[in-house]
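Here are the chains, one letter per residue:
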Amino acid sequence: MNRKKVFIREGSHRRRRIRIAALGFFFLLCFSVITYRCLYLHLARDSKLTRIAQKQYKTRVEETPPRGNIYDASGEELAVSVPSYSVAARPLKIQGDNARSLQALSLTLSSILGIPGKEMKAKLDPQKKYVWLKRQVSAQEKERLTEQTLPGIEFVKGSKRFYPNGEVGSQILGAVGQDNQGLSGLELFHDRALRGTEEGNTTWRDARGKTFETEETLGGVRKEPHHLHLTLHKNIQYAAEQE
């Protein structure tokens, strides 16, 4: 009877050691797989992983280059481009995913940019990657936004058209849209020459979402716009329009 009990105890200890060994082997296997995967992700060169990583710190910004100037016969400026800024947002980068944070940001932007609250909240939909909030903001609006700490909000430098002589020759000169494209008159007829080559810039973005330039991004080459010289005299044109 005693021998039987001893045999049963020895068999139980043996099965327990086998279970412990199997469990240890299982954890060792899991650790090995995780270690291999970590080393692979850090050391291996995979084109898919490279593309995913670049999307996190590389972004393409479409900048609107200035249009060429338009001069009258005496070299006086009839149409020039002046610097302007537009405001854009990256909803995915906006800190705080709760409704209160989004509501507070919407109210702040709405009051500064003069956009209705509901419209602003729709623009900041977290499902959107990139959205324009307002094109060609005023200097006061830009200054007020700069004073605020608004995550996910970016300024895009561009240009807008300015006519120093107001309405003089406006029917001949035409008009330009928000995207710097000619809409009518000489601005439309010579649009291709006045715009030059318009291409987006690829910029780098740090962990906080701020963009910065490198030698790679500053090395781009684009075709400069042409200036347009007319036979029209602004003083004669003004006198003719007054009659």
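Above this text you will find the structure in question.
Here the structure is a predicted model, which means the values were calculated and not measured.

Colleague: Any chance you could explain the side chain of S106 here in plain terms?
Modeller: The residue S106 is located in helix α3 (residues 99-113) in this model. The class for S106 is buried, based on a relative accessible area of 2%.

Colleague: Explain a nonpolar patch on the surface here, please?
Modeller: A cluster of nonpolar side chains, contributed by L23, F26 and F27, occupies part of the molecular surface with about 330 Å² of accessible area. Summarising the element assignment, L23 is placed in helix α1 (residues 2-43). Among the residues examined, L23 registers a relative accessible area of 48% and is labelled partly exposed.

Colleague: Help me understand the nonpolar core, please; the structure alone is not making it clear to me.
Modeller: As a rule of thumb, nonpolar side chains are buried together in soluble globular proteins. If you look at the biggest cluster of nonpolar residues, it comprises 17 residues, and the most contacted ones within it are L109, L113, M120, L124, L133, L145 and I153. For this core, the elements supplying multiple residues, two or more each, are β3 (77-89), α3 and β4 (131-137). Setting aside residues no more than four positions away along its own chain, L133 makes contact with V87, A88, A89, L109, L113, I115, M120, K123, L124 and I153. Listed in part, the 9 residues of the second largest apolar core include I70, L78, L194 and L232.

Colleague: Please clarify how the pairing of β3 should be interpreted in this entry.
Modeller: The two faces of the sheet receive side chains in turn, since in a regular strand these alternate between them. Of the pairings in the sheet, the one linking strand β2 (residues 70-71) to β3 comprises 2 bridges and is antiparallel in character. Bridge assignment links Y71 to a residue of β3, and that residue is E77. Taking the residues that link successive antiparallel strands as the turn, the β2-β3 hairpin has 5 residues, and the phi of G75 there is positive, at about 90°. The pairing of β3 with strand β5 (residues 153-162) spans 10 bridges and is classified as antiparallel. Following the sheet pairing, S86 is matched in β5 by V156. As paired strands, β3 and β4 are joined by 4 bridges and run antiparallel to one another. Note on β4: the bridge partner recorded for Y85 is V137.

How each quantity is defined
Residues numbered from 1 in each chain as written. Predicted model: local features only at pLDDT ≥ 70, side-chain atom pairs only at ≥ 80, totals over all residues. Heavy atoms only, no water. Helix = DSSP H or I, 4+ residues; strand = E, 2+ residues; numbered from the N terminus. Buried < 20%, exposed > 50% of the residue type's maximum accessible area, 1.4 Å probe, protein only. Patch = residues over 30% accessible without salt bridge, like charges linked within 9 Å, V, L, I, M, F, W, Y side chains within 5 Å. Areas by Shrake-Rupley, 256 points an atom, 1.4 Å probe, with all protein chains shown as cover. Salt bridge = Lys/Arg side-chain N within 4 Å of Asp/Glu carboxyl O. Core = buried A, V, L, I, M, F, W, Y, C linked by side-chain atoms within 4.5 Å. Contact = heavy atoms within 4.5 Å. Pairing = 2+ DSSP bridges.

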